Amino acid sequence: MALIRGSNSIFDPFFLSSSIVDPFESFSLFDRRPFEGLANFSQDVSSVANTRVDWVETPEAHVFKADLPGLKKEEVKIHVEDDQYLSISGERNKEQVDEKDSYRRVERSYGKFHRQFRLPENSKVQEIAAKMENGVLTVTVPKAEVAKKAQVRNVEITS
């Protein structure tokens, strides 16, 4: 079974990991050992990099939306560290492959993913809520009220 990995788009951050000519192939002095296994590494990195997250700030909250197709809510972990960092992690398992099947192209990523965001100071971390619907995780972090700006008033000078 031959698997063809990669993408044909230069906008894919893992485009270069498919089949590119090695420009250092003719240099005998170049030590390539640190780069051995890079093809396997790119698949793991791909699952992290392909976990897309939008962060929207509304007047009431910070809203994070992550595309997690095919995952159940039990497969996703959300936690807050030191009341400052929001972490979203989980694992997308590799599907069982029937030996009779022959793939023409494999692009869907699998493996562990982890995204972390530093929350602003006005976040109410004790009131964070999350829901998962149709493969989209929505994490809502309410905002604390910011102290009102000091009002300026003129004071008359008396004699």
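Residues numbered from 1 in each chain as written. Predicted model: local features only at pLDDT ≥ 70, side-chain atom pairs only at ≥ 80, totals over all residues. Heavy atoms only, no water.

- In the annotation of an unreviewed UniProt entry, the protein chain is listed under the name SHSP domain-containing protein and assigned to Riccia fluitans.
- Looking at the protein chain in UniProt, the text filed under Sequence similarities (unreviewed entry) is "Belongs to the small heat shock protein (HSP20) family." (UniProt positions renumbered as here; feature names shortened; annotations may be inferred.)

**Thoughts on the overall build of the protein chain**
Next, step 1: Secondary structure assignment for the protein chain yields one helix and seven strands.
Next, step 2: Its helices and strands in sequence order give the protein chain the pattern α-β-β-β-β-β-β-β, from N to C terminus.
Next, step 3: In the protein chain, which comprises 159 residues, the share counted as buried stands at 23%.
Next, step 4: Across the protein chain, the fraction of contacts at a sequence separation of at least 24, relative to all contacts at a separation of at least 6, is 59%. (Helix = DSSP H or I, 4+ residues; strand = E, 2+ residues; numbered from the N terminus. Buried < 20%, exposed > 50% of the residue type's maximum accessible area, 1.4 Å probe, protein only. Contact = heavy atoms within 4.5 Å.)

**Some details on the packing of aromatic side chains**
Next, step 1: A full pass over the atoms with the stated rule returns three aromatic pairs.
Next, step 2: Seen from their ring centres, Trp55 and Phe64 are 4.7 Å apart, and the 35° between their planes marks the pair as tilted.
Next, step 3: A relative accessible area of 37% places Trp55 in the partly exposed class.
Next, step 4: A ring pair is formed by Phe64 and Phe117, whose centres lie 5.1 Å apart and whose planes are at 45°; its orientation type is tilted. Taken together, the positions of Phe64 in strand E2 (residues 61-67) and Phe117 in strand E5 (residues 111-118) put the pair 53 residues apart, joining distant regions of the chain.
Next, step 5: Among the residues examined, Phe64 registers a relative accessible area of 1% and is labelled buried.
Next, step 6: On the basis of relative accessible area, Phe117 is assigned to the buried category, the value being 11%. (Phe/Tyr/Trp six-rings, centres within 6.5 Å; stacked < 30°, edge-to-face > 60°.)

**Examining the sheet that holds strand E6 (residues 129-133)**
Next, step 1: Read across the open sheet, the four strands follow the order E1-E2-E7-E6; overall the sheet is antiparallel. Among the strands making up the open sheet, the edge pair consists of strand E1 (53-57) and E6. The sheet shows a mean angle of 15° between the axes of neighbouring strands, direction not considered.
Next, step 2: Of the pairings in the sheet, the one linking E2 to strand E7 (residues 136-142) comprises seven bridges and is antiparallel in character. Paired with Val63 across the two strands is Thr140, which belongs to E7. (Pairing = 2+ DSSP bridges. Axes fitted to C-alpha atoms, helices over the stretch in contact; angles between N-to-C directions.)

**As for the sheet that holds E5**
Next, step 1: Strand order across the open sheet formed by three strands is E3-E4-E5, with antiparallel pairing between neighbours. Edge positions in the sheet fall to strand E3 (76-81) and E5, since each of these pairs with one other strand and no more. Strand after strand, the sheet turns through a mean of 15° between neighbouring axes, direction not considered.
Next, step 2: Pairing of strand E4 (residues 85-92) with E5, which is carried by eight bridges, proceeds in the antiparallel orientation. Within E5, the position partnered with Ile88 by the bridge is Arg115.

**Brief notes about unusual backbone geometry**
Next, step 1: Residues other than glycine seldom take positive phi values, yet Asp83 does so here, at roughly 55°.
Next, step 2: Residue placement: Asp83 occurs in the loop between E3 and E4.
Next, step 3: In this model, Asn134 sits at a positive phi of 55°, which is unusual for a non-glycine residue.
Next, step 4: Position of Asn134 among the secondary structure elements: in the loop between E6 and E7.

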